[in-house]
Amino acid sequence: MEVLLGKTLTELQEVALSVGLQKFAGKQLAQWLYVQRVRSIDEMTNISLKGREALKARYTVGRHTPVREAVSVDGTRKYLFEISNPQSLNYIESVYIPEEDRATLCVSTQAGCKMGCRFCMTGTLGFHGQLPASEILNQIFEIDQLAITNHQSSITNLVYMGEGEPMDNLDHVLRSLEIMTAEYGCAWSPKRITVSTVGIPNMKRFLDESECHLAVSMHNPFAMERAAIMPAEKMMSITEVVALLKQYDWSHQRRVSFEYICWAGQNDTIRHAKELLRLLKGLNCRINLIRFHEGVEDIKSDRHFPGSNEKQMEFLRDYLTQNGLTTTIRKSRGEDILAACGMLVNSLNSKP
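Residues numbered from 1 in each chain as written. Predicted model: local features only at pLDDT ≥ 70, side-chain atom pairs only at ≥ 80, totals over all residues. Heavy atoms only, no water.

Colleague: Before we go on, may I ask you to explain the packing of aromatic side chains in this structure?
Modeller: Note on aromatic pairs: each is described by the distance of the centres and the angle between the planes. Within the structure shown, the criterion is met by 4 aromatic pairs. An aromatic cluster is built from Phe119, Trp263 and Phe292, whose rings are joined through pairwise contacts. Above the ring of phenylalanine 127, the side-chain terminus of lysine 114 is found at 4.3 Å from the ring centroid. (Phe/Tyr/Trp six-rings, centres within 6.5 Å; stacked < 30°, edge-to-face > 60°. Lys NZ or Arg CZ within 6 Å of the ring centre and 35° of its normal.)

Below is the structure:
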């Protein structure tokens, strides 16, 4: 059965015509899928019974609930979704992060990841397949419904920062972004969505075809040092990434930020701070400093990195900010359930 979720308006119009409906029924399908967010074709009551039967013979909505949930002491919730994957990894994780005035969902775009960053636990999974737009959207719709059912805040912001490199699955990421922001879809402002990347050539296409925010995983401004922990540096250097970003206008609502995990003595020194200022001079951006989370996999292997202490992170923040580069220390959430940055390893990834 073919899945309807993740199809654009044009594709839904083609679906309607293919089952004997009028072209305008494509817009009705979009309304049911993305505004009403139905779970079955039977719920599409303004489509004739004959039309619904014709649709059901060939299509399914494509919605499915998470199979497990873990709840952090700070209120963060991590969800495990089963996915249709002919390869070995059959589950992916998503993280719901409630705050006082907002609720952010961190979604996955791939099963595992092929970027191989040495400090990232997700990278230990290896790469097991691309998530279609339907699986990306399913995470959003299902967790939003659970939040409402549990009397929690509806999702206000999206970050494509879960499992995988979004720019390595760009066709499906852009499709999901279109549906989230289009008038026929969820009609979100693109300013509510941030997409992350380690920096690969596909990033240019994302910048040209989307208006969503961008977050670049930098972690070290020196090419040689960055390459030692992030193999993607050899595909597209951080210097090339910044040069590309300087070709775009970031002075209005669209933002670019750099994610920067801090390790003691490795990237939190005055030498690194001065290089950050030199590298990013002239680019309207911000730095998000991130505490390193030492997970089980890191402790067991030679991938262990000593995290910076609070005093050194505050020094780095203050030095960069005082020299004109807006810098914040990002609050850590969900570490106790392996839901923080770089910790998604499908820890619940066993068949329920």
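Read on for the rest.
Colleague: What is the right way to look at the packing of helix 4 (residues 133-149) against helix 5 (residues 170-181) in this model?
Modeller: Between two packed helices, both the angle of their axes relative to each other and the distance between the axes serve to describe the pair. As a packed pair, helix 4 and helix 5 sit with axes 8 Å apart at the nearest point and diverge in direction by 45°. Relative to helix 5, the element helix 4 lies oblique. Between helix 4 and helix 5 the crossing geometry is right-handed. From helix 4, Ala133, Ile136, Leu137, Ile140 and Phe141 reach across to helix 5, where they touch His172, Val173, Arg175, Ser176, Ile179 and Met180. Taken together, the residues of the contact of helix 4 with helix 5 sort by class into 8 nonpolar, 2 polar and 1 charged. (Axes fitted to C-alpha atoms, helices over the stretch in contact; angles between N-to-C directions. Helix = DSSP H or I, 4+ residues; strand = E, 2+ residues; numbered from the N terminus. Parallel < 35°, antiparallel > 145°, perpendicular 65-115°, else oblique. Left-handed = near helix turned anticlockwise from the far one by under 90°. Contact = heavy atoms within 4.5 Å. Nonpolar A, V, L, I, M, F, W, Y, C, P; charged D, E, K, R; others polar.)

Colleague: So what exactly am I meant to see when it comes to the confidence of the model for the chain here?
Modeller: When pLDDT drops low, the exact placement of atoms in the prediction is not to be read closely. Here the chain averages 91 in pLDDT, while 90% of its residues score no lower than 70. Here residues 296-302 is modelled with pLDDT under 50, and outside its nearest four sequence neighbours on either side it reaches 10 contacts, counting other chains as well. Predicted confidence is poor over residues 348-352, with pLDDT under 50, and the contacts of this stretch with residues over four places away or in other chains come to 14 contacts. (pLDDT = per-residue confidence, 0-100.)

Colleague: Got a minute to help me understand helix 8 (residues 238-245) in this structure?
Modeller: Because each turn of an α-helix spans 3.6 residues, side chains separated by three or four positions in sequence point in the same direction. Of all the positions in helix 8, only Ile238, Val241, Val242, Leu244 and Leu245 are classed as buried. Considered in projection along helix 8, the buried side chains sweep an arc of 160° and stay on one side of the axis. (Buried < 20%, exposed > 50% of the residue type's maximum accessible area, 1.4 Å probe, protein only. Arc of directions from axis to C-beta.)

Colleague: Whenever I open this one, the pattern of salt bridges confuses me. Can you help?
Modeller: Note that side chains of opposite charge can pair when their charged atoms are close. All told, the structure shown has 20 salt bridges when counted by the stated rule. When the shortest N-O distance is used, the salt bridge between arginine 330 and glutamate 259 registers 2.2 Å. Here arginine 330, found in the segment after strand 14 (327-329), pairs with glutamate 259, found in strand 12 (residues 256-262); they are 71 residues apart in sequence, far enough to count as distant. Residue arginine 330 is classed as partly exposed on the basis of its relative accessible area, which comes to 23%. On the basis of relative accessible area, glutamate 259 is assigned to the buried category, the value being 4%. (Salt bridge = Lys/Arg side-chain N within 4 Å of Asp/Glu carboxyl O.)

Colleague: Would you mind showing me how to read the nonpolar core here?
Modeller: If you look at soluble globular proteins, the nonpolar side chains tend to sit buried side by side. Formed by 102 residues in total, the largest nonpolar core has its most connected members in Tyr34 and Leu245. Beyond its immediate sequence surroundings of up to four residues, leucine 245 is in contact with Met203, Leu207, Leu214, Val216, Trp250, Val256, Phe258 and Leu283. (Core = buried A, V, L, I, M, F, W, Y, C linked by side-chain atoms within 4.5 Å.)

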